[in-house]
Amino acid sequence: MNYFMRRQQELNVAELNEPFSYDGFSLYDQIFQQLTKEAEVAYIECFAEPPPPIALTNLYHLAELELAGRRPRIKAPGTLQ
């Protein structure tokens, strides 16, 4: 998540001011694809296997929420099974 936070700050993702796009070719979508591909390559280099498909997407969006100060805090259950 730290990688996504750092790169989003470097690319000023929070400052993008464009209308919602549903075609997948907006600047936001292009940045998202670029960063997740970079993270996937780094993960494969480190662990010799691809990351779970949803993991990078979740981390990217959690980084957005963290930077915006709106990351949800999840409480651990009292007992773990």
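Above this text sits the structure in question.
Residues numbered from 1 in each chain as written. Predicted model: local features only at pLDDT ≥ 70, side-chain atom pairs only at ≥ 80, totals over all residues. Heavy atoms only, no water.

J.: How should I be thinking about the overall build of the protein chain in this particular structure?
T.: From N to C terminus, the protein chain includes three helices and zero strands. In the protein chain, the succession of helices and strands from N to C terminus is α-α-α. Of all 81 residues assigned to the protein chain, the portion counted as buried reaches 20%. Summarising the internal contacts of the protein chain: among those between residues at least 6 apart in sequence, 61% fall at separations of at least 24. (Helix = DSSP H or I, 4+ residues; strand = E, 2+ residues; numbered from the N terminus. Buried < 20%, exposed > 50% of the residue type's maximum accessible area, 1.4 Å probe, protein only. Contact = heavy atoms within 4.5 Å.)

J.: What's the story with the environment of L27 in this structure? I'm lost.
T.: For L27, the location among the structural elements is in helix α2 (residues 27–47). When its relative accessible area of 42% is taken as the criterion, L27 is described as partly exposed. Apart from the residues lying within four places of it in its own chain, the contact partners of L27 are L16 and E18.

J.: Just to check I follow, could you spell out the packing of helix α1 (residues 2–10) against helix α3 (residues 53–68) for this structure?
T.: How two helices sit against one another is set out by the angle between their axes and by the gap between those axes. Direction vectors running N to C along α1 and α3 enclose 60°, while the axes themselves pass 8 Å from each other. On the basis of the axis angle, α1 is oblique to α3. α3 is crossed by α1, and the crossing has right-handed handedness. Residues F4, M5, Q8 and Q9 of α1 pack against L56, L59, Y60, A63, E64, E66 and L67 of α3. Residues that form the contact of α1 with α3 fall into these classes: seven nonpolar, two polar and two charged. (Axes fitted to C-alpha atoms, helices over the stretch in contact; angles between N-to-C directions. Parallel < 35°, antiparallel > 145°, perpendicular 65-115°, else oblique. Left-handed = near helix turned anticlockwise from the far one by under 90°. Nonpolar A, V, L, I, M, F, W, Y, C, P; charged D, E, K, R; others polar.)

J.: Before we go on, may I ask you to explain the pattern of salt bridges in this structure?
T.: If charged atoms from side chains of opposite charge come close, those side chains can pair. Taken as a whole, this structure holds four salt bridges when the rule is applied. Linking E10 and R6 is a salt bridge whose minimum nitrogen-to-oxygen distance equals 3.8 Å. You can see E10 and its partner R6 sitting in helix α1, four residues apart, about one turn around the helix. Under the relative-accessibility criterion, E10 is labelled partly exposed at 46%. (Salt bridge = Lys/Arg side-chain N within 4 Å of Asp/Glu carboxyl O.)

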